[in-house]
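Below, each chain spelled out in residue letters.
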Amino acid sequence: MPAVDPRSEIARLSERLAAAVREAGELALGKFRAPLKSWTKDRHSIVCEADIASNELLQDRLQAASSDIAWLSEESLDDPARLQARRVWVVDPIDGTRAYIEGRPDWSIAAALVEAGRPVAAALFAPVEDAMFLAVAGQGATLNGGRIATTPEREALRIAGPAGLLQRLQSAELPFQPIRKIHSLALRFARVAQGAIDAALASGNSHDWDLAAADLLVHEAGGFLTTFAGQSLIYNRADPVHAPLVAAARASHRKLLPLLRDQRIHPVRMTKNQKG
């Protein structure tokens, strides 16, 4: 049997990924602003019927693409067998569920194919604005079929993130324009990839499913998404939780890192509603 070209295989899987994410987004959009049952899990995280329906659709479509790809989703029971898998689907069936339930537009469907700890294909769909972000490792990133790129450095950066981290930067006397918080963390970072904003921040406790798709989008658009220590993210670990993060174009990222890790600049205490 001839060897399979890994590039053609990733291309096939990325097409399946894009189709599944769009279908899940259309399903969720059909339930948007309609009466829904919702409940709280893990004492603080909210979930609704649309999350579950989207998750089931994605799992059905993606696991049919290849039987040897493991599964990690916010709305599925974690299977430790994924840790031995070469590849894993990393999925957030609705990123920004609280915004979705409240009728806000800034929610998304985000999924990525991770191989050896890093995303190699990504799809992120914001259904309200019909915005489909796609990326394949080494092939760039697109929005609705057009190439996207992070912005060049500017004097006053447009930065989105939780209030506490923005206040921390203000105490460093960095000239910047604060952007109203984008509730979907994946979409917040995707805005950096498309050049709509210059940088995005996240406080700690984000998970693989919040980040994997947006991570590849940012890097393929010419930027970086790292911890405040400048470390790239590794996915599909036993504990899929990450430290505070920053995404920006290369020059802006270099400018922000020293300020964010400067221990003399103390973060402002955040309320529960300000975190994210």
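This report concerns the structure included in the present document. This one's a predicted model, so the numbers in the text were calculated from it and none came from an experiment. (Residues numbered from 1 in each chain as written. Predicted model: local features only at pLDDT ≥ 70, side-chain atom pairs only at ≥ 80, totals over all residues. Heavy atoms only, no water.)

So, on to the sheet that holds strand β6 (residues 118–126). Within the open sheet, the seven strands sit side by side as β3-β4-β5-β6-β7-β8-β9. Their pairing is mixed. Each having just a single partner strand, β3 (70–73) and β9 (146–147) make up the two edges of the open sheet. Where strand β8 (residues 141–143) meets β9, two bridges bridge the pair, whose relative direction is antiparallel. Looking at the pairing, L143 lines up with G146 of β9. The sheet contacts of helix α2 (residues 49–63) involve β3, β4 (87–95) and β5 (108–115), and relative to β4 the element is tilted by about 155 degrees. Across the sheet, helix α6 (residues 208–220) lies against β3, β4, β5, β6, β7 (131–136) and β8, angled at about 100 degrees from β6, the strand it touches most. (Pairing = 2+ DSSP bridges. Helix = DSSP H or I, 4+ residues; strand = E, 2+ residues; numbered from the N terminus. Contact = heavy atoms within 4.5 Å. Axes fitted to C-alpha atoms, helices over the stretch in contact; angles between N-to-C directions.)

Time to look at the pattern of salt bridges. Side chains bearing opposite charge may pair, as long as their charged atoms lie close to each other. Within the structure shown, the criterion is met by 13 salt bridges. The shortest N-O distance in the salt bridge between R158 and D198 comes to 2.9 Å. Placement of the pair is R158 in strand β10 (residues 157–160) and D198 in the loop between α5 (185–194) and β12 (199–202), with a sequence separation of 40 residues. Taking the relative accessible area as the measure of exposure, R158 reaches 16% and is therefore buried. One continuous salt-bridge network, built from bridges that share partners, spans E9, R86, R87 and E115. (Salt bridge = Lys/Arg side-chain N within 4 Å of Asp/Glu carboxyl O. Buried < 20%, exposed > 50% of the residue type's maximum accessible area, 1.4 Å probe, protein only.)

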